[in-house]
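A structural walkthrough
What follows is the residue order along each chain.
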Amino acid sequence: MIEIVVNGNNRQMPPDASIANLISQLKVKPQVCVVEVNGKIVSRDEYCTRYFKHGDQIEIIRFMAGG
Amino acid sequence: MQRYSRQIILPEIGEKGQEKLLNAKVLVVGLGGLGSPVAVYLAGAGVGTLGLLDSDAVELSNLNRQVIFSTEDIGKKKAAAAAQRLKRLNPDIKINEYVLRLGQDNIRGIISDYDIVVDCSDNFPTRYLANDACVLAKKPLVHGAIYQFEGQVTVIKPGQGPCYRCLFAEPPPPGSIPSCQEAGALGAIAGIIGMIQATEAIKLILGVGQPLIGKLLVFNALEMSFRKVDIPQNKKCSVCA
């Protein structure tokens, strides 16, 4: 297992885990969020092929428009 | 000046800062849960000209969070009811009412009269429109949004950092994000986010502190956490690049 940081919280993931795996675990739909890995926004079409490394800092930022 | 004495004491404000506030012109887009505290605190601080923009009328279901209104305002246009309340709070400031929806046809003319725009709207088309128009007009934009128990704030200062589209390049598919009407909204959450927006607008006017330029402040009320996330500037951004 590797350890990554997701929205400030440590999380264990299998070494072959992708962004798609993570957001699926978190029950977040890809079209309602933006994902940053180590400060860089990852394009949605790379979610299945972008694998994590130990220590990666992930931010899952939700779209919201309420006011 | 006695009205502002408690903030004039602050070394970061003083009489010079108060003059800046009195000379400032701020447009509040949307008078809902966010726009209510934004307008009240900016009026209280003595922001000299406030534009209040909303096409809607006050409804009973607004009153859990839209603290600028009272039960007797139900049915009145929000811009007019809010203006009435703010004139009682601070008769020294100028208030411009706009009972309309922002669109491609009117936004440039309206924002040209203001120094800062505060986005308190409740829908994606208005948020993208406000971002794009402010970037093109080089107007600072204080963005705030809420969803259930969460909120976000950022400051877009054209030429000095990323814009809304650098983070959220395109709107989500229609219907994929429920509105407050569908998903619910707790009044205090709107209050917290709105007050942070008002604080950021005041900091921009005064030129003090570090505004949330290039940072997204993410608030989660259930965890009671605030986190600052870096927003990278998109060198290929369709609006600000």
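Structure report, in brief. (Residues numbered from 1 in each chain as written. Chains lettered and ligands numbered in written order. Predicted model: local features only at pLDDT ≥ 70, side-chain atom pairs only at ≥ 80, totals over all residues.)

Describing the overall build of chain A
Within chain A, the regular secondary structure consists of one helix and five strands. Against the 2.2 N^0.38 benchmark of 11 Å for 67 residues, chain A shows a C-alpha radius of gyration of 12 Å, consistent with a compact globule. When its C-alpha atoms are laid out on the principal axes, chain A stretches across 40 × 25 × 20 Å. Looking at the 67 residues of chain A, the share that counts as buried comes to 18%. Taking all contacts inside chain A whose residues are at least 6 apart in sequence as the whole, residues at least 24 apart take part in 58%. (Helix = DSSP H or I, 4+ residues; strand = E, 2+ residues; numbered from the N terminus. Rg over C-alpha atoms; globule rule 2.2 N^0.38 Å. Buried ≥ 20, exposed ≤ 12 C-beta atoms within 10 Å, placed from the backbone. Contact = placed C-beta atoms within 7 Å.)

A few points about the environment of Asn106 of chain B
Its place among the elements puts Asn106 of chain B in the loop between β3 (94-98) and α5 (107-111). Linking Asn106 of chain B and Lys157 of chain B, residues 51 residues apart in sequence, is a C-alpha distance of 21 Å.

Details of the interface of chain B and chain A
Chain B puts 30 residues into the contact, and the matching count from chain A is 15 residues. When contributions to the side of chain B that touches chain A are tallied by element, the ones reaching two or more residues are α6 (124-137), β5 (141-147), β6 (150-156) and β8 (225-230) of chain B. Considered class by class, the residues forming the side of chain B that touches chain A number 16 nonpolar, nine polar and five charged. (Nonpolar A, V, L, I, M, F, W, Y, C, P; charged D, E, K, R; others polar.)

Quick word on the packing of helix α3 (residues 35-45) of chain B against helix α9 (residues 187-206) of chain B
All names here are of chain B. It is the contact of α3 with α9, at a shortest axis distance of 8 Å, that shows an interaxial angle of 40 degrees. Considering the angle they form, α3 stands oblique to α9. Considering the relative orientation of α3 and α9, their crossing is right-handed. Between α3, through Ser36, Pro37, Val38, Tyr41, Leu42 and Ala45, and α9, the contact on the second element is made entirely by Gly191, Gly194, Met195, Gln197, Ala198, Ala201 and Ile202. (Axes fitted to C-alpha atoms, helices over the stretch in contact; angles between N-to-C directions. Parallel < 35°, antiparallel > 145°, perpendicular 65-115°, else oblique. Left-handed = near helix turned anticlockwise from the far one by under 90°.)

Focus on α9 of chain B
Taking 1.5 Å per residue, 20 residues should reach 28 Å; α9 of chain B reaches 29 Å between its end C-alpha atoms and fits that length. Phi turns positive, to about 70 degrees, at Gly207 of chain B, one or two residues after α9 of chain B. (Expected span 1.5 Å × (residues − 1).)

Considerations on the environment of Cys134 of chain B
Residue and element names in this part refer to chain B. Residue position: Cys134 is located in helix α6. Of the residues examined, Cys134 has 28 C-beta atoms within 10 Å and is grouped as buried. Taking the C-alpha atoms as reference, Cys134 lies 9.3 Å from Ser112; in sequence the two are 22 residues apart. Excluding residues within four positions of it along the chain, Cys134 makes contact with Ile111, Val117, Lys139, Leu141, Ile156 and Pro158.

Looking at the pairing of strand β7 (residues 215-220) of chain B
Residue and element names in this part refer to chain B. One ladder, built from four bridges, connects β6 with β7; its direction is antiparallel. When the sheet's bridge partners are listed, Gly151 is paired in β7 with Phe219. As paired elements, β7 and β8 share six bridges and run antiparallel to each other. Looking at β8, one finds that Leu217 is bridged to Lys228. Counting the residues between successive antiparallel strands, the hairpin from β7 to β8 contains four residues, one of them, Met224, with a positive phi of roughly 50 degrees. (Pairing = 2+ DSSP bridges.)

Observations concerning the sheet that holds strand β2 (residues 9-13) of chain A
Strands belonging to one sheet form pairs held by backbone hydrogen bonds; the direction of such a pair is parallel or antiparallel. All names here are of chain A. Spatial ordering of the open sheet is given by β2-β1-β5-β3-β4, a layout of five strands whose pairing is mixed. The sheet is open, and its two borders are formed by β2 and β4 (40-42), each paired with just one other strand. Strand-to-strand, the axes of this sheet are offset by a mean angle of 35 degrees, without reference to chain direction.

As for the pairing of strand β3 (residues 33-37) of chain A
Residues and elements named next belong to chain A. Bridge analysis of β3 against strand β5 (residues 57-62) gives five bridges, and the strand direction is antiparallel. The residue bridging Glu36 from the neighbouring strand is Glu59, located in β5. Bridge count for β3 against β4 is three bridges, and the pairing is antiparallel. Residue Val35 lies in a different strand from β4, and its bridge partner there is Val42. In this antiparallel pair of consecutive strands, β3 and β4, the connection spans two residues, and Asn38 shows a positive phi of 50 degrees.

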